[in-house]
Amino acid sequence: MSETPDTLDNITYDELNEGDSATFSRTLTEDELILFAAVSGDVNPVHLDSEFAAESMFKERIAHGMWSGSLISAALATVMPGPGTIYLDQSLSFKRPVKLNDTLTVKLTVLKKEAKNRVVLECDVRNQKDEKVVSGEAKVIAPTKKVSLKKPRLPKIIIEH
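Criteria and cut-off values
Residues numbered from 1 in each chain as written. Predicted model: local features only at pLDDT ≥ 70, side-chain atom pairs only at ≥ 80, totals over all residues. Heavy atoms only, no water. Helix = DSSP H or I, 4+ residues; strand = E, 2+ residues; numbered from the N terminus. Buried < 20%, exposed > 50% of the residue type's maximum accessible area, 1.4 Å probe, protein only. Salt bridge = Lys/Arg side-chain N within 4 Å of Asp/Glu carboxyl O. Arc of directions from axis to C-beta. Contact = heavy atoms within 4.5 Å. Pairing = 2+ DSSP bridges. Axes fitted to C-alpha atoms, helices over the stretch in contact; angles between N-to-C directions.

What follows is about unusual backbone geometry. Backbone torsion omega between methionine 80 and proline 81 reads 0°, so that peptide bond is classified as cis. Locating proline 81 in the fold gives a position in the loop between helix H4 (65–78) and strand S3 (86–94). For lysine 59, which is not glycine, the phi torsion reads 65° and is therefore positive. Tracing the backbone shows lysine 59 in the loop between helix H3 (50–54) and H4. Even without being a glycine, asparagine 117 presents a positive backbone phi close to 65°. Within the fold, asparagine 117 resides in the loop between strand S4 (103–113) and strand S5 (118–126). Judged by relative accessible area, which is 26%, asparagine 117 ranks as partly exposed.

Have a look at this one:
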């Protein structure tokens, strides 16, 4: 489940300072793994087939690497800088596999502010054991207008096997 609040409040370019940080957490469920495969089209059996995955170097099913990357996107869009942020660039380095029921926490830290409302952020993603699973940097255009919005309600999705 997401730990974002019911409202989405942004942090404008002028409000951001080097060293500021924020976090976003989410747990990988079976349904989320299946939905990510369906939406992305990535049906690699290491994600979906227990028997195949048991023979892999991981010995069990693992998450899509980009599921972890998508949590960085969610953190940028909903937490810091938040609504109005425009994603420009992302580097990712995958450090260890993410497994079913792992809870990942994305920590974003402002590294520098640049001209034209650009902000570079360090992206550190760790599991519930505080093990680094992904690291990287993002560059965004931070919003200049302060907003507070009601978090959209998403439809319930039922997976049929």
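A side chain of one charge can pair with a side chain of the opposite charge if their charged atoms are brought near each other. Under the definition given, this model contains 10 salt bridges. A salt bridge links glutamate 60 to lysine 99; its shortest N-O distance comes to 3.1 Å. Note that glutamate 60 is positioned in the loop between H3 and H4 and lysine 99 in the loop between S3 and S4, a separation of 39 residues in sequence. Given a relative accessible area of 35%, glutamate 60 falls into the partly exposed group. Two residues, arginine 126 and aspartate 130, come together in a salt bridge whose shortest N-O distance is 3.9 Å. Assessed through its relative accessible area of 25%, arginine 126 is described here as partly exposed. Here the salt bridges share partners, and the residues they tie into one network are Asp124, Arg126, Asp130 and Lys132.

Taken as a whole, helix H1 (residues 30–40) has its buried residues at Glu32, Leu33, Phe36 and Ala37. For H1, the angular spread of buried residues about the axis comes to 135°, placing them on one side. Facing away from the buried side of H1 by over 90 degrees, the exposed positions are Ala38 and Val39. Contacts from the buried residues of H1 go to strand S2 (21–27), helix H2 (45–48) and H4. Looking one or two residues past H1, glycine 41 carries a phi angle of roughly 85°, positive in sign.

Further remarks concern the sheet that holds strand S6 (residues 132–141). Spatial ordering of the open sheet is given by S2-S4-S5-S6-S3, a layout of five strands whose pairing is antiparallel. Strands at the two margins of the open sheet, each flanked by one partner only, are S2 and S3. Each strand of the sheet is rotated relative to its neighbour by a mean of 20°, with strand direction disregarded. Each of S2, S3, S4, S5 and S6 touches H4; the most contacted strand, S3, lies at about 145° to it.

Keep in mind these values describe shape, not function.
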